[in-house]
Structure formats: C-alpha cells, structure tokens
Amino acid sequence: VHPAVIDGTNRSMLLQHPTSAISFHLTIPPAEPQLVFDPAIDPTCWPVSDGASFSITIADGSTVENVFTARRDPKNVPADRRWTDVTIDLNRWAGRSVELTLATGPGTSGYTCSWAEWGEPEIISRIASQ
C-alpha cells in the first residue's frame, strides 16, 4: 500500500502487479453493502505502460460471479489519467460469507510497467437499524 497523486488528489493505493490475484474471506455487511474502489495505473508508469486489466469476482460457496472487469491504459487513453470511482452493489451477498478476489492482468503488449493499483478499496454499508 502506498500513496499516489492523480488529478492533484492523493489516495492510498494497493499495488497488485499483474498477473496476480488477492482473495479476501469476509462477511458482507447486512445493510446496503457496496464495494467502492478506483482501478488505476501508477502515474510513474504512464509514459511507458500500455496499461493493465482488472477484475473482481465473488464466490459464495456455490457460485462464482464476475462483478467487475475493466482495462486502464493512461498512456493511450486520456480519460484513464484521472480518478474514476467505481461502486459495486453487494446486496445480493448481504450478511453472507464470501471470497472476494481482486485480479490483475498485463497490458496488451506485456508486463512493462503494468503497475495495476486499486485506489482505496473498501466495503461500506448503511448502519442497520436496531
């Protein structure tokens, strides 16, 4: 985990060099849970990287569902040079134990500076009423 400044705003980033996957075993909160994050390429790589791919799956014991897939290529896509917050609705798994997996892949021409990062990933939810 390290800081990165994009668009003049500093955020904590979880570096995950492709090709790799990180799994978290957790219980999804029961009240309107959401996963929020920002997939990005480390700004120091923008001049030379052709980006990376990102995906998120959730396994609940009986099924595995891909809930997010994207590519970021800030060298060639100017829109990828700013924070792009993503929110995934987790209501389907509310109150359940799951395995949430963050995975990354290299750019289209290889691994050169494919520093895939997840900006401030967290699960948020409304406080359940008593």
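Please refer to the structure higher up on the page.
Since the model is a prediction, treat every value here as computed from it, not as a measurement.

Asker: What is the right way to read the nonpolar core from this model?
Answerer: Generally speaking, nonpolar side chains in soluble globular proteins are found buried as a group. Membership of the largest hydrophobic core comes to 28 residues, with the highest contact counts inside it found for Phe37, Ile56, Phe68 and Ile88. At the level of secondary structure, the elements contributing two or more residues to this core comprise β1 (2-6), β4 (34-41), β5 (52-59), β6 (64-72), β7 (86-89), β8 (97-105) and β9 (116-124). Sequence-distant contacts of Phe37, defined by excluding residues within four places in its chain, comprise Ile56, Phe68, Thr84, Asp85, Val86, Ile88, Trp118, Gly119, Glu120 and Pro121.

Asker: Just checking my understanding: could you explain the state of the cysteines for this structure?
Answerer: Each disulfide consists of a covalent bond between the sulfur atoms of two cysteine residues. Applying the stated criterion across every chain yields a total of one disulfide. The disulfide partner of Cys45 is Cys113, and the gap between their sulfur atoms is 1.8 Å. Taking the sign of the torsion about the S-S bond as the criterion, the disulfide between Cys45 and Cys113, at about -70°, is left-handed. Taken together, the positions of Cys45 in the loop between β4 and β5 and Cys113 in the loop between β8 and β9 put the pair 68 residues apart, joining distant regions of the chain.

Analysis parameters
- Residues numbered from 1 in each chain as written.
- Predicted model: local features only at pLDDT ≥ 70, side-chain atom pairs only at ≥ 80, totals over all residues.
- Heavy atoms only, no water.
- Core = buried A, V, L, I, M, F, W, Y, C linked by side-chain atoms within 4.5 Å.
- Buried < 20%, exposed > 50% of the residue type's maximum accessible area, 1.4 Å probe, protein only.
- Helix = DSSP H or I, 4+ residues; strand = E, 2+ residues; numbered from the N terminus.
- Contact = heavy atoms within 4.5 Å.
- Disulfide = S-S within 2.5 Å.

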